[in-house]
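Here are the chains, one letter per residue:
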Amino acid sequence: MAELTYRVALNQAMTEEMERDDRVFLMGEEVAQYDGAYKVSQGMLKQFGERRIIDAPISEEGFAGIGIGAAMVGLRPIIEFMTFSFSLVAIDQIVNNAANMRYMSGGQFAVPIVFRGSSGMAGCLAATHSHRPEAWYAQIPGLTVLMPSTPADAKGLLKAAIRSDDPVIFIEHEVLYGDKGEVPDGEHVVPIGKADVKRAGGDVTLITYSRSLKATLAAAEKLAADEGIDAEVIDLRSIRPLDLDTLLASILKTHRAVIVEEDWPYCGLGAGIADRINQRIFDELDAPIRRVASKDAPIPYNRRMEASMLPNVDRVVAAVKDVCYR
């Protein structure tokens, strides 16, 4: 095991996959000469050269389309958006072309491409740079959507994404890049579509992903210390496909669930997850499923106002106490 930052884990994943398969290349804004906007591709231009580490102009629709075309003829592109808020400029390419090509060609064309980059509320970036687009992309058949929370999962899931024969939306939360964690040595691939139980418990199931894992784990420890409530914390990791089996198995044990997400509440990801749970095991629930989400408003520039919108420990604790009738 080695302790790595989240960004180094991502760098290792791309480097190892490019060494393993010469069809893999990286293209995006500032990925080459500048070593990446968040230094995720640091050193890769020197190792692989400008034919495989390619700086693109600020034209997301254009270089996303180039990547999709390259994937259709046998290459395995990694397309980096400086922020996933900018992926909205390329959403026609992603949704109409990448997601649909295998189906509409009757399986004649695969699109083995990874769209990756940062997202989320990261501190004074305001409304146009702080979107959380996971629910938008998770709604689209043909797309895989991954959101790792730890360095180990970041490395293992990115390697799995690069090897996938279908288009993958790989969303990295901007504030996680400097986080450190243990990453297994050697070949480390995390299977797509498998959630991870980060904390075992028997009283309530807390379902979360990405940066919200931090607040959720902290809330679980506070609940145990102050209320004697033993919470099980599940990190989704894979948004689509969703590991519903792991969620149901936990709730069949705890009979209560709280979903913690940085997404907006209206038509958010948590709403879809709650519906799937209700459809399958409604009679097993001892309380309504609660959701702790961001406030339903555009993201402000002010740091304190932005922080006030996020799920936090107190809000998670309050939701858990509600479902536990405390």
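What counts and what doesn't
Residues numbered from 1 in each chain as written. Predicted model: local features only at pLDDT ≥ 70, side-chain atom pairs only at ≥ 80, totals over all residues. Heavy atoms only, no water. Pairing = 2+ DSSP bridges. Helix = DSSP H or I, 4+ residues; strand = E, 2+ residues; numbered from the N terminus. Axes fitted to C-alpha atoms, helices over the stretch in contact; angles between N-to-C directions. Domains from an automatic or database assignment. Contact = heavy atoms within 4.5 Å. Buried area = accessible area lost by both parts, 1.4 Å probe. Salt bridge = Lys/Arg side-chain N within 4 Å of Asp/Glu carboxyl O. Polar contact = N/O pair within 3.5 Å; in protein donor to acceptor, adjacent residues only side chain to side chain. Nonpolar A, V, L, I, M, F, W, Y, C, P; charged D, E, K, R; others polar. Parallel < 35°, antiparallel > 145°, perpendicular 65-115°, else oblique. Core = buried A, V, L, I, M, F, W, Y, C linked by side-chain atoms within 4.5 Å. Buried < 20%, exposed > 50% of the residue type's maximum accessible area, 1.4 Å probe, protein only. Arc of directions from axis to C-beta.

Moving on, we come to the sheet that holds strand β11 (residues 231–235). Backbone-to-backbone hydrogen bonds pair the strands of a sheet. The strands run either parallel or antiparallel. Strands sit in the order β9-β11-β10-β13-β14 across an open sheet of five strands; the sheet is mixed. Looking at the sheet topology across the chains shown, the edges are occupied by β9 (196–199) and β14 (290–292). On average, adjacent strands in this sheet sit at an angle of 25 degrees to one another, irrespective of strand direction. By the bridge criterion, three bridges tie strand β13 (residues 257–260) to β14 in an arrangement that is parallel. Paired with I259 across the strands is R291, a residue of β14.

Our next topic: the domain arrangement of the chain. Accessible area lost upon the coming together of the parts is a frequently used measure of interface size. In terms of domains, the chain is made up of domain 1 (2–183) and domain 2 (196–323). At the interface, 32 residues of domain 1 touch 27 residues of domain 2. Between domain 1 and domain 2, roughly 2,400 Å² of surface is buried when both sides are summed, and carbon and sulfur atoms account for 55% of that area. Broken down residue by residue, the surface that domain 1 buries against domain 2 is led by M121, C124 and R132, which jointly contribute 29%. At the junction of domain 1 and domain 2, the tally comes to three salt bridges. With its nearest N and O atoms 2.7 Å apart, the salt bridge here joins D179 to K214. The interface formed by domain 1 and domain 2 holds 17 residue pairs in polar contact (both at pLDDT 80 or more) in total. Breaking the side of domain 1 that touches domain 2 down by element, the ones donating at least two residues are α6 (134–138), β6 (144–146) and α7 (151–163). For the side of domain 1 that touches domain 2, the element with the most residues is α6, which contributes four residues. Residues that form the side of domain 1 that touches domain 2 fall into these classes: 19 nonpolar, nine polar and four charged.

Remark: helix α3 (residues 60–72) packs on helix α4 (residues 91–98), axes separated minimally by 8 Å, with the N-to-C direction vectors making an angle of 25 degrees. When the axes of α3 and α4 are compared, the pair comes out roughly parallel. For the pair α3 and α4, the contacting residues are E61, A64, G65 and I68 in the first and D92, Q93, I94, N97 and A98 in the second.

This brings us to the side chain of T15. Here T15 lies in helix α1 (residues 6–20). Those residues in contact with T15 that lie beyond four places of it in its chain are M44, Q47 and F48.

Counting residues in hydrophobic clusters, the biggest one holds 47 residues, and the most contacted among them are F81, F115, I169 and I277. Three or more residues apiece are contributed to this core by two domains, here domain 1 (2–183) and domain 2 (196–323). Apart from residues lying up to four places away in sequence, F81 is in contact with E29, E60, F63, A64, S87, A90, I94, F115, R116, G117 and S118.

On to helix α12 (residues 313–323), then. Where α12 is concerned, the buried positions are V316, V317, A319, V320 and V323. Taken end-on, α12 shows its buried residues confined to a sector of 165 degrees, consistent with a single buried face. Its buried side turned inward, α12 meets β10 (204–208), α8 (212–227), β13 and β14. Residue N312 occupies the N-cap position of α12, its side-chain oxygen lying 3.2 Å from the main-chain nitrogen of D314. Immediately beyond the C-terminal end of α12, within one or two residues, lies Y325, with a positive phi of roughly 55 degrees.

Attention shifts here to the environment of P57. Inspection of the secondary structure puts P57 in the loop between β3 (53–55) and α3. Judged by its relative accessible area of 56%, P57 falls in the exposed class. Linking P57 and G28, residues 29 residues apart in sequence, is a C-alpha distance of 7.8 Å.

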